Amino acid sequence: MSQGEKLIPNFDPQVIKELNLTVLRRIDPFVEEILFIASHVALYVLNVELMQWRRKDVDGALFVVKRNNQARFQFIVLNRRGPDNLVEDLLGDFEYEVQVPYLFYKNAAKEINGIWFYDPDECQAASNLFR
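Residues numbered from 1 in each chain as written. Predicted model: local features only at pLDDT ≥ 70, side-chain atom pairs only at ≥ 80, totals over all residues. Heavy atoms only, no water.

Per an unreviewed UniProt entry, the chain is named mRNA-decapping enzyme-like protein, and its organism is Ananas comosus. Note on the chain: under the UniProt heading Sequence similarities (unreviewed entry), the record states "Belongs to the DCP1 family." (UniProt positions renumbered as here; feature names shortened; annotations may be inferred.)

Peer 1: I would appreciate a short explanation of the nonpolar core in the present structure.
Peer 2: Soluble, globular proteins show a tendency: their nonpolar side chains are buried together. Counting residues in hydrophobic clusters, the biggest one holds 19 residues, and the most contacted among them are Val-41, Leu-43, Leu-62, Phe-75, Tyr-105, Ile-115 and Phe-117. For this core, the elements supplying multiple residues, two or more each, are strand E1 (31-47), strand E2 (52-67), strand E3 (73-79), strand E6 (102-106), strand E7 (112-117) and helix H2 (120-130). In terms of residue count, E1 provides more of this core than any other element does, 4 residues in total. (Core = buried A, V, L, I, M, F, W, Y, C linked by side-chain atoms within 4.5 Å. Buried < 20%, exposed > 50% of the residue type's maximum accessible area, 1.4 Å probe, protein only. Helix = DSSP H or I, 4+ residues; strand = E, 2+ residues; numbered from the N terminus.)

Peer 1: I keep staring at the environment of Met-51 and nothing clicks. Help me out?
Peer 2: Along the chain, Met-51 falls in the loop between E1 and E2. Judged by relative accessible area, which is 58%, Met-51 ranks as exposed. Distance from Met-51 to Thr-22, taken between C-alpha atoms, is 39 Å for residues 29 residues apart in sequence.

Peer 1: Help me out: how do you make sense of H2 in this one?
Peer 2: Considered for burial, the residues of H2 that qualify are Glu-122, Cys-123, Ala-126, Ser-127 and Phe-130. Taken down its axis, H2 places every buried residue within 135 degrees of arc, on the same side. For H2, the elements touching its buried residues are E1, E2, E3, strand E5 (95-99), E6 and E7. The opening residue of H2 is Asp-119, an N-cap whose side-chain oxygen sits 2.8 Å from the backbone nitrogen of Asp-121. (Arc of directions from axis to C-beta. Contact = heavy atoms within 4.5 Å. Polar contact = N/O pair within 3.5 Å; in protein donor to acceptor, adjacent residues only side chain to side chain.)

Structure representation (structure tokens):
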């Protein structure tokens, strides 16, 4: 390799998928399959009384997964800002709205949350998966 050339790693997508599955199964041993990955998201919560958004202390890669237990589907954000990852069940009554690059949803605790996607195309792809 000459001095001006860059070394570009050649990552095997299957190896990366297996590594991601290993990490996700440490969080939830019932994860069966990764259905979707968004490279970077940030989470927000709506304060309903003040009608103001507040950034949660959660951002990182988002995974939509299929499980071999109830709830059948979840999304998991591997948090880069702290030790607590976000895990949300995707149940039949999952309410969401998309305003690219945001996906807003109401969780089981009736919190209204927003997911900001760094890549707007990933936001659209995630919303298509929820249909």
